[in-house]
Amino acid sequence: MKIKQKKTKSNKSFNFSLFIKITLLLAASMLICVTAYGIYLTKKVEHAVEKAYEPIDERIVPEKSEVKVEAATDNVSVLFLGVDDSETRGQGADHSRTDALLLATLNNKSKTVKLVSIPRDSYVYIPYVGYSDKINHAHAYGGTLATLETVEGLFDIPIDYYVRLNFNAFIDVVDALGGVEVEVPYRIVGEKDEFDRNTMNFEPGLQLLDGRHALSLARTRKQDSDIERGKRQQQILTALTQKAATVTSISKYDDVIEALGNNIKTDMNFTEMKSFLSYLTSGMPQIDSLTLNGYDDMSTGIYYYKLNDQDLEETKQILKSHLGLIPDTSSISSSTSSTEYSQTDDLTIPQQ
């Protein structure tokens, strides 16, 4: 009886030891796999950024930015351009109009972001042609260069980087991340899809949208205005950033990188792009949305959105302050609001 008990105890000891060895082996294997996957992703991103890299050689560095800034140490500004260069509309990347313009300023000290949507029909001065027109025409006149110069003049700040992406990139990235959670404000029937067909339908409420539906919602302005359209674009971009920053999305990065492909262009190199990761080290940064108020104008027979001068001036001061170009003006009254979006698991992707 004693021998049997001793044998049982020995077996228990042996099994525990084996369990420890297997656990350590699995942990080591997992570490090796994670490290290898990280190296693989890094190389793939580096290759993708090299393909996307498109500096603007003819651009003159703004006087306010005498030296090139670095996101890791400086406050920076990034202009996002969403363009429709589809064959359906017969436009090339350099002659298409911008369907979305979002300007982000990033403060390195506070790790905060100011995000402003520029209504596409805003009547502004376009330096490239020397007269005022709708801001989304600037890209058709002179590509990314003309748009950058126009936005710099509008807000009187330097634009340090740009990111230009087309509809395919947006759709594929959203799909690669498994959709994006967005609040649909009201019922929408027969909105245009990426091929300009009236096939997209929405029900109100928080939903998980696939890429095609997210794009359609970002573009619609049937039932409200360019201002509300801009707010939806800000909401979708913020939600997309939140989704990409989650641990569960790491395994999808390969598909995200693949999705971008040739559908994105930027003047950021790989090192500069990596420096923006500092804004995610403590989780999602605070993103404050700014709205450019104005009014509809048909006095010339052509629709323009005329920006409110006082509101535009306040927005200029906020952006300049956030970039550290002038003393802090946080006491200035503005339409700024902290953007926070909740996430829900029990959501479904609407089908066409």
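Everything in this summary refers to the structure shown in the same document. Everything quoted here is computed from the prediction, not taken from an experiment.

How each quantity is defined
- Residues numbered from 1 in each chain as written.
- Predicted model: local features only at pLDDT ≥ 70, side-chain atom pairs only at ≥ 80, totals over all residues.
- Heavy atoms only, no water.
- Axes fitted to C-alpha atoms, helices over the stretch in contact; angles between N-to-C directions.
- Helix = DSSP H or I, 4+ residues; strand = E, 2+ residues; numbered from the N terminus.
- Parallel < 35°, antiparallel > 145°, perpendicular 65-115°, else oblique.
- Left-handed = near helix turned anticlockwise from the far one by under 90°.
- Contact = heavy atoms within 4.5 Å.
- 1 Å grid on protein atoms, 1.4 Å probe; cavity = no way out; pocket = protein on both sides within 12 Å on 5 of 7 lines; lining within 4 Å.
- Points joined across faces, edges and corners; volume = space filled by probe spheres on them.
- Nonpolar A, V, L, I, M, F, W, Y, C, P; charged D, E, K, R; others polar.
- Buried < 20%, exposed > 50% of the residue type's maximum accessible area, 1.4 Å probe, protein only.
- Pairing = 2+ DSSP bridges.

1. Observations regarding the packing of helix α3 (residues 167-176) against helix α4 (residues 211-219)
- The interhelical angle for the contact between α3 and α4, taken along N-to-C directions, is 130°, at an axis separation of 7 Å. With respect to α4, the axis of α3 lies oblique. Remark: the crossing between α3 and α4 carries right-handed chirality. For the pair α3 and α4, the contacting residues are Phe167, Phe170, Ile171, Val174 and Asp175 in the first and Gly211, Arg212, Ala214, Leu215 and Arg219 in the second.

2. What to know about empty space enclosed by the protein
- A full pass over the atoms with the stated rule returns three cavities of 30 Å³ or more.
- Its boundaries defined by the atoms lining it, the largest cavity holds a volume of some 100 Å³.
- Contributing elements (two or more residues each) for the lining of the largest cavity: β2 (98-107), α5 (226-245) and β12 (286-291).
- No other element matches the seven residues that α5 contributes to the lining of the largest cavity.
- Its residues assigned to classes, the lining of the largest cavity comprises seven nonpolar, five polar and five charged.

3. Let's talk about the pairing of β12
- Judged by how many residues are buried, β12 sits mostly within the fold: five of six residues are covered.
- Pairing of strand β3 (residues 112-117) with β12, which is carried by six bridges, proceeds in the parallel orientation. Bridge pairing in β12 links Thr112 to Gln286.

Read these as spatial facts, not as claims about activity.
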